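Residues per chain are reported as follows:
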Amino acid sequence: MPRRTKIIATIGPASESPEQMRAMVDAGMDVARIGLAHGTLEEALGRMRRVRQVSKEANRRVGVLVDLPGPKVRTASFGSEGVELLPNTELQIEVGNSLSNATLIQVDYEHLLNDIAVGDHVALGDGQVLLEIRDIDSTQATARVLNGDVIHGRPGFRIPSDRLSISTPTPEDMRCLAAFVEEGVDMVAISFVRNGDEIRRVQLDPHPDGPLIIAKIETQAAIANLDDIIEASSGIMVARGDLGTECLIEETPHLQKRIIRECIAGGLPVITATQMLDSMVQASTPTRAEASDVANAVFDGTSAVMLSAETAIGAHPAHTVATMARIAQRADEEFDYVRWAENIRAIRMTDADAPSSVTDAMTSSGAAAANELNLAAIICISASGFTVRSMARFRPKTGILGFSVCERTVQQLTLSWGVTPILASNLGSYESRVAEALSLAKDAGHLVPGDLVAVLAGMTEATDVLRLVRVS
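Small disclaimer: the values here were computed from a predicted structure and weren't measured. (Residues numbered from 1 in each chain as written. Predicted model: local features only at pLDDT ≥ 70, side-chain atom pairs only at ≥ 80, totals over all residues. Heavy atoms only, no water.)

Asker: Mind showing me how you'd approach the layout of surface pockets here?
Answerer: A probe matching the size of a water molecule, rolled over the atoms, marks out where space remains unfilled. Of the volumes computed, that of the second largest pocket is approximately 1,000 Å³. As for the second largest pocket, its lining consists of 38 residues, of which L401, V419, T420, P421 and H446 are closest to the centre. When contributions to the lining of the second largest pocket are tallied by element, the ones reaching two or more residues are α2 (41-58), α13 (337-348), α14 (357-373), β17 (400-404), α16 (407-412) and β18 (419-423). Grouping the amino acids of the lining of the second largest pocket by side-chain chemistry returns 13 nonpolar, 13 polar and 12 charged. (1 Å grid on protein atoms, 1.4 Å probe; cavity = no way out; pocket = protein on both sides within 12 Å on 5 of 7 lines; lining within 4 Å. Points joined across faces, edges and corners; volume = space filled by probe spheres on them. Helix = DSSP H or I, 4+ residues; strand = E, 2+ residues; numbered from the N terminus. Nonpolar A, V, L, I, M, F, W, Y, C, P; charged D, E, K, R; others polar.)

Shown next, in the form of structure tokens:
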């Protein structure tokens, strides 16, 4: 079985050369993530252009996701060599952006001393270091190190989201976003989202004219407003690092499952992120626990699993992508496709008068036909990608061939579970579009004469046509 779960890999200093990018594409990278928390805007734009060129040369579609920094508060640099913060030691915290060391942490945020309180537990980075605020005066705060570790660079300084004075998107986010939209970026991740209005504030053209807007769920407020965020977004990222610092650690796995289930039921692709193969930043193999974590995310129904530091600064970027691809593919083979589809039907098939009811019924029937008849493929023809994503949420065991005449749609479908995106050109009748899709699928080696396939398309605004077709 070909791999269904998509892989997102972060481009950074270790992977920004065309040679490394090509190796990552060959290893299975479906979407390249470009983070804006480090480096300059021009450097980030250069990385996106290289991804586009490498994708073209490899003749393989690779989506590009830009991750806006958001209102994330960061420390002054601990340096590339890193600084070890030892448990039970005390240190000072002040506003600044010059230096950080084992006794003084400067934080690049002018409202710092107003937004923290005595007794707060403040995490650095993805939670490797945990500090307890012991005292605050007019110029500094005193903190005790509860959990220690070696910290590099400019890690995030986690202030409780309900007290953070700044909101998302920031003016800097909007400046960066405008540059990437002009470049034709496929997807944009909005950091530190707390409600749907923060997503609506971005005010981009709806996809596919604009990029998919991916809301990062990393605060308790986002959990409380999840329904509103789902309604306002076109995708979700479960950002487990920051989420795990705001929520009880024992709750994080259950939140992950809930977020994935509710978002997929609504037709939104979901990314599971943070520390998935973290040991591979240095090691050549992951831990058994990390392999299980990736597989469990697949069993949870996630659309994509994401690599961050592992490929951005890691020692083996392409090897890490290949390792994740093997783990995800093996988990795909064990996925309970029938039970998943039944659960999604139970969630979605409740209101016959809902605007989505026709599409729900058709895509559900397509998934059932695929599983019962062992179809060779499900062909979805869609200008916007709506039919394709609606089909993908049922997680059919059969692969999905997503056809669109819109280049932007095809690029955005690189994030969708189980979908091979293919650019079509026919704007004619329904019959001629189906004929072209079958021809393109055969030419690409996805189908052979005699194969039985399902074809879904929309003659109206809904997905209202489902046919079973024998390939000639």
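Asker: Help me out: how do you make sense of the nonpolar core in this one?
Answerer: In terms of nonpolar packing, the biggest core is built from 84 residues, with M29, F180, I236 and I259 touching the most fellow members. Counting residues per element, this core draws most heavily on α2, which supplies seven residues. Setting aside anything within four residues of it in sequence, one finds F180 in contact with I34, L36, L41, A44, L45, M48, V66 and V185. (Core = buried A, V, L, I, M, F, W, Y, C linked by side-chain atoms within 4.5 Å. Buried < 20%, exposed > 50% of the residue type's maximum accessible area, 1.4 Å probe, protein only. Contact = heavy atoms within 4.5 Å.)

Asker: Before we go on, may I ask you to explain the environment of S191 in this structure?
Answerer: Structurally, S191 can be placed in the loop between β11 (187-190) and α5 (196-200). For the pair S191 and L99, spaced 92 residues apart in the sequence, the C-alpha separation amounts to 25 Å. The residues touching S191, leaving out its near neighbours within four places in the chain, are D67, L68, P69, G70, P71, T168, K216 and E218. Separated by 3.2 Å, the side chains of S191 and K216 make a polar contact. (Polar contact = N/O pair within 3.5 Å; in protein donor to acceptor, adjacent residues only side chain to side chain.)

Asker: Would you mind going over the packing of aromatic side chains with me for this structure?
Answerer: Two aromatic rings, taken as a pair, are described by how far apart their centres are and by the angle between their planes. Evaluation of the coordinates by the stated rule reveals three aromatic pairs. On the numbers, 5.0 Å between centres and 70° between planes, the contact of F335 with Y337 is edge-to-face. In terms of burial, F335 and Y337 fall into one category: buried. Judged by centre distance (5.8 Å) and plane angle (50°), the rings of F335 and W340 are tilted. Of the two residues, F335 and W340, neither departs from the other in class, the shared state being buried. Through a chain of ring-to-ring contacts, three or more aromatic side chains come together here, namely F335, Y337, W340 and W417. (Phe/Tyr/Trp six-rings, centres within 6.5 Å; stacked < 30°, edge-to-face > 60°.)

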